[in-house]
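The residues making up each chain are set out below.
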Amino acid sequence: MKLQNKNILITGGASGIGRIMGRLALEKGASAIAIWDINEQNLSATKEAHSRYGKVLTYKVDVSSSEMVFATYKQVCEDLGRVDIVIQCAGIVTSNHTFDENTVEEIDRTMKINAVAPMYLGLAALKDMVKRDEGQIVTVASAAGMLSMPKMSIYAASKWASIGWSDSVRIELQRRHSHVKITTVAPYFINTGMFDGIHSKVFPILDPEKTARKILKAVERNKTFAGIPFSYHFIRCMEGMLPQALFDWFYGDVFGIYNVMDHFVGRKKQ
Ligand SMILES: NC(=O)c1ccc[n+]([C@@H]2O[C@H](COP(=O)([O-])OP(=O)(O)OC[C@H]3O[C@@H](n4cnc5c(N)ncnc54)[C@H](O)[C@@H]3O)[C@@H](O)[C@H]2O)c1
């Protein structure tokens, strides 16, 4: 769906690629952006920075609260008249622990924010969009949602879940000939600070601005799935074709993917 004259809701829009997509959407002629984030300070800074490009509304929302998601979605519809496109960017990674070192709190928080919250907002938005038979829901998952990833098993689980959910809804809508579109995005590591300290042996870490542009291009072209870089579209094909030991050797040793998290420090607490 073209972004021009559209109202766009972006979760996690006060930082990283969500923040960049907000600015780019306004530059491309969006009528307004509604930014949801839990970080109040970044929300005000983003509003101040983006307002020169167009209409910006900000809402302090914890996307892992279904009550807050439903109430704030209603509020955005009242404030803007309607929501045309939802871009789900809010996400967290908690540590580079092996699974046995993790805590119940890390499991619950990661799954709630990365996997369950997109379903809450997806439900609120779809109930509205299906009635109007228009709209688009974009879920930013991760390449870690297609690969098994040591030292980020909970994050990987949450992203596998969000890809499975988002793409299943895409099929449901297509089978009933709905005009509501679903786009699932699976980028490799991006240099936003979320994964500071990681070391990628072969694949270059992605530039945030270029990645944000690629995601919006996928939205405008109604892509159902966007792996970034494009070569990540072939992961599942490779895993299906290669014996497990060969696949592990290729990705783990040759590409070094299984050691990426060894020196992870993540974003410093704000
Ligand atoms: N950075 C990467 O390497 C990378 C790679 C692939 C996918 N992703 C995914 O892309 C998305 C954006 O990543 P980013 O690098 O821009 O991250 P980021 O940390 O810069 O931005 C994430 C935003 O989500 C917000 N957020 C966290 N918990 C929230 C909650 N409970 N309610 C509302 N907002 C909340 C944060 O405050 C932050 O503003 C995430 O879903 C991430 O998992 C990131």
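This one's a predicted model, so the numbers in the text were calculated from it and none came from an experiment.

A. Main features of the packing of aromatic side chains. Tallied over the full model, the rule gives 14 aromatic pairs. Measuring from ring centre to ring centre gives 5.0 Å for Phe-250 and Phe-255, while their planes differ by 50 degrees; the resulting arrangement is tilted. The exposure class assigned to Phe-250 is partly exposed, which follows from its relative accessible area of 27%. A residue is classified by how much of its surface remains accessible, and Phe-255, at 18% relative accessible area, is buried. Ring pairing ties together the aromatic residues Tyr-155, Tyr-188, Phe-189, Phe-195, Phe-203, Tyr-232, Phe-247, Trp-249, Phe-250, Tyr-251, Phe-255 and Phe-264, which thus form one cluster.

B. Molecular detail of the pattern of salt bridges. As enumerated under the stated definition, the model contains 11 salt bridges in all. Residue Glu-40 is joined to Lys-60 by a salt bridge in which the shortest nitrogen-to-oxygen separation is 3.8 Å. Of this pair, Glu-40 sits in helix α2 (residues 40-50) while Lys-60 sits in strand β3 (residues 55-60); the two residues are 20 residues apart in sequence, bridging distant segments of the chain. The exposure class of Lys-60 is partly exposed, given its relative accessible area of 49%. Salt-bridge contacts for Arg-82 lead to Asp-84; the nearest nitrogen and oxygen are separated by 2.6 Å. On the basis of relative accessibility, which here comes to 31%, the residue Arg-82 falls in the partly exposed class. Looking at Asp-84, the relative accessible area reads 4%, which means it is buried.

C. Region of interest: the environment of Gln-244. Among the structural elements, Gln-244 can be located in helix α8 (residues 244-254). Given a relative accessible area of 48%, Gln-244 falls into the partly exposed group. For Gln-244 and Ile-163, which are 81 residues apart along the polypeptide, the C-alpha to C-alpha distance reads 22 Å.

D. Main features of the confidence of the model for the protein. Averaged over the protein, the pLDDT score is 97; the fraction of residues at 70 or greater is 99%. Here helix α7 (residues 235-241) stands out as the least confident element of the protein, with mean pLDDT 89; strand β1 (residues 7-11) is the most confident, with 99.

E. Layout of the environment of Leu-173. By the element assignment, Leu-173 lies in helix α5 (residues 153-175). Using a relative accessible area of 2% as the deciding quantity, one classes Leu-173 as buried. With 47 residues separating them along the chain, Leu-173 and Leu-126 place their C-alpha atoms 10.0 Å apart. Sequence-distant contacts of Leu-173, that is, excluding residues within four places in its chain, are made with Leu-126, Val-130, Ser-178, Val-180 and Ile-182.

Parameters and conventions
- Residues numbered from 1 in each chain as written.
- Predicted model: local features only at pLDDT ≥ 70, side-chain atom pairs only at ≥ 80, totals over all residues.
- Heavy atoms only, no water.
- Phe/Tyr/Trp six-rings, centres within 6.5 Å; stacked < 30°, edge-to-face > 60°.
- Buried < 20%, exposed > 50% of the residue type's maximum accessible area, 1.4 Å probe, protein only.
- Salt bridge = Lys/Arg side-chain N within 4 Å of Asp/Glu carboxyl O.
- Helix = DSSP H or I, 4+ residues; strand = E, 2+ residues; numbered from the N terminus.
- pLDDT = per-residue confidence, 0-100.
- Contact = heavy atoms within 4.5 Å.

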